[in-house]
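# Residue-level structural notes
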Amino acid sequence: MLESELQQALDRPIVVIGSPRSGTTLLGNLLKCHPQLAQLEEPRLTWKYGNDNKSDLLRAGDARPEVCRHIRQTFAPAVREQGRTRLVEKTPSNALRMEFVDRVLPGCIFIHTLRDGVESVLSIRKFWQGHARGIRKDKLLERLKEIDLRRAPYYARELIRRVIPKPLAGLVNKPVWGPRIPGIDGLLQELDLLEVCCLQWRMCVELACDYGRQLPPGRYLEVQLSEMSPELMASILDFCQLENTPEMQAGFAAQFNPELTTQRRQQADPQDLAVIQRWIGPTMNWLEAGG
């Protein structure tokens, strides 16, 4: 793809960020209903190109020219292949590395979805328990398309953790789900899973808010999942300089269920709630106070 075509395909890309289980998938799926937008959903290993040996917390200096070139040359053709003109990308781990993403996709627009911290953490733990072990064949094929043989050793270890029989699980580190925050293997040895989920939520939210709120107007928008409505969706589209099309309105009516955003807290064990409050209470108070 020519440089001019690459720049056109990656003009003002929309990057949906947030902690895991905070509504990023919902917003990504809604935005891909727009006739102009092509969605890439969690190309996790593409983002890690050239930094496979690091956590997901990448810095601007990690966005070396060859890294930027590889990611951009992967993303731009996908926009054209979907017959669209603009990219929307959704990877929760990008909340940890916005300065890196900003270097790779200059001029991008960040949409940060925020959900009640208790709801998010409880949902993170449930998904971790259900998805950290085993691997779907279709997901494995997707990941294999993202890497070459030179990168395979980094992810072979991850695959082994997922598929090793439970009686032998003690021979390797525990499997990981969600954003790879720094030192996560050690944290899994020292802390309860719920506490690790709290740290994942805190780091994603705090780092994203810190970086995003320093960006110029028009580059960063925070949205509360609990406030999602047709009106809020219209304002998100306006922020992205997109028309609120009939396809968008129909997609919202078909996909959004407000009851799914508040169900876990009501059913939670009081001891779990106490743990969560201890680990993320200060961040939740900070958010409620307006940061």
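Below: a short report on this structure. Quick caveat: nothing in here was measured; it's all calculated off a predicted structure. (Residues numbered from 1 in each chain as written. Predicted model: local features only at pLDDT ≥ 70, side-chain atom pairs only at ≥ 80, totals over all residues. Heavy atoms only, no water.)

## Looking at the packing of aromatic side chains
For the structure on display, the rule yields 4 aromatic pairs. Plain terms: the ring middles of F127 and W177 are 6.0 Å apart, the flat faces sit at 45 degrees to each other, and that makes the pair tilted. Highlighted residues: F127 in helix α6 (residues 117-131) and W177 in the loop between α8 (152-163) and α9 (184-190), separated in sequence by 50 residues. A relative accessible area of 23% means that F127 is categorised as partly exposed. Among the aromatic residues, those joined into a ring-pair cluster are W47, F75 and F100. If you follow R21 out to its NZ or CZ, it ends over the ring of F127, 3.6 Å from the centre. (Phe/Tyr/Trp six-rings, centres within 6.5 Å; stacked < 30°, edge-to-face > 60°. Helix = DSSP H or I, 4+ residues; strand = E, 2+ residues; numbered from the N terminus. Buried < 20%, exposed > 50% of the residue type's maximum accessible area, 1.4 Å probe, protein only. Lys NZ or Arg CZ within 6 Å of the ring centre and 35° of its normal.)

## Observations regarding the pairing of strand β3 (residues 86-90)
The buried count for β3 comes to 5 of 5 residues, which makes it a mostly enclosed element. Side chains of β3 alternate between two faces, with R86, V88 and K90 and L87 and E89 buried alike. Relative to β3, strand β1 (residues 14-17) runs parallel, the two sharing 3 bridges. Paired with V15 across the strands is E89, a residue of β3. (Pairing = 2+ DSSP bridges.)

## Regarding the state of the cysteines
Taken as a whole and assessed by the stated rule, the structure comprises 0 disulfides. The thiol of C68 is unpaired, and the distance to the nearest cysteine sulfur, on C108, comes to 11 Å. Accessibility expressed as a relative area gives 12% for C68, which makes it buried. We note that C209 lacks a disulfide partner, and the nearest cysteine sulfur, in C204, lies 11 Å from it. C209 sits in the buried class, given a relative accessible area of 1%. (Disulfide = S-S within 2.5 Å.)

## A short note on the environment of V16
Looking at where V16 falls in the secondary structure, it is placed in strand β1. Put simply, V16 and S4 are 12 residues apart on the chain and 25 Å apart in space, counted from C-alpha to C-alpha. Every residue in contact with V16, bar those within four places of it in the chain, is listed here: T24, L27, L31, V88, E89, K90, T91, I111 and T113. (Contact = heavy atoms within 4.5 Å.)

## Considering unusual backbone geometry
Not every positive phi belongs to a glycine, and R12 is a case in point at roughly 50 degrees. Structurally, the position occupied by R12 is in the loop between α1 (3-9) and β1. One non-glycine residue, Q241, lies in positive phi territory at about 60 degrees. Mapped onto the fold, Q241 is located in the loop between α11 (230-239) and α12 (246-255). Its relative accessible area of 60% is what places Q241 among the exposed residues.

## Description of the pattern of salt bridges
Under the defined criterion, the tally for this structure stands at 12 salt bridges. For E42, the salt bridge is made with K90, and the minimal N-O distance between the two is 2.4 Å. Here E42 is found in the loop between β2 (37-41) and α3 (44-47), whereas its partner K90 is found in strand β3, with 48 residues between them in sequence. One salt bridge in this structure joins R97 and D56, with 3.5 Å as the shortest N-O distance. A residue pair is termed long-range when its members are at least 10 positions apart, and R97 in the loop between β3 and α5 (98-104) and D56 in the loop between α3 and α4 (65-81) qualify at 41 residues. In this pair, the class of R97 matches that of D56, namely buried. (Salt bridge = Lys/Arg side-chain N within 4 Å of Asp/Glu carboxyl O.)

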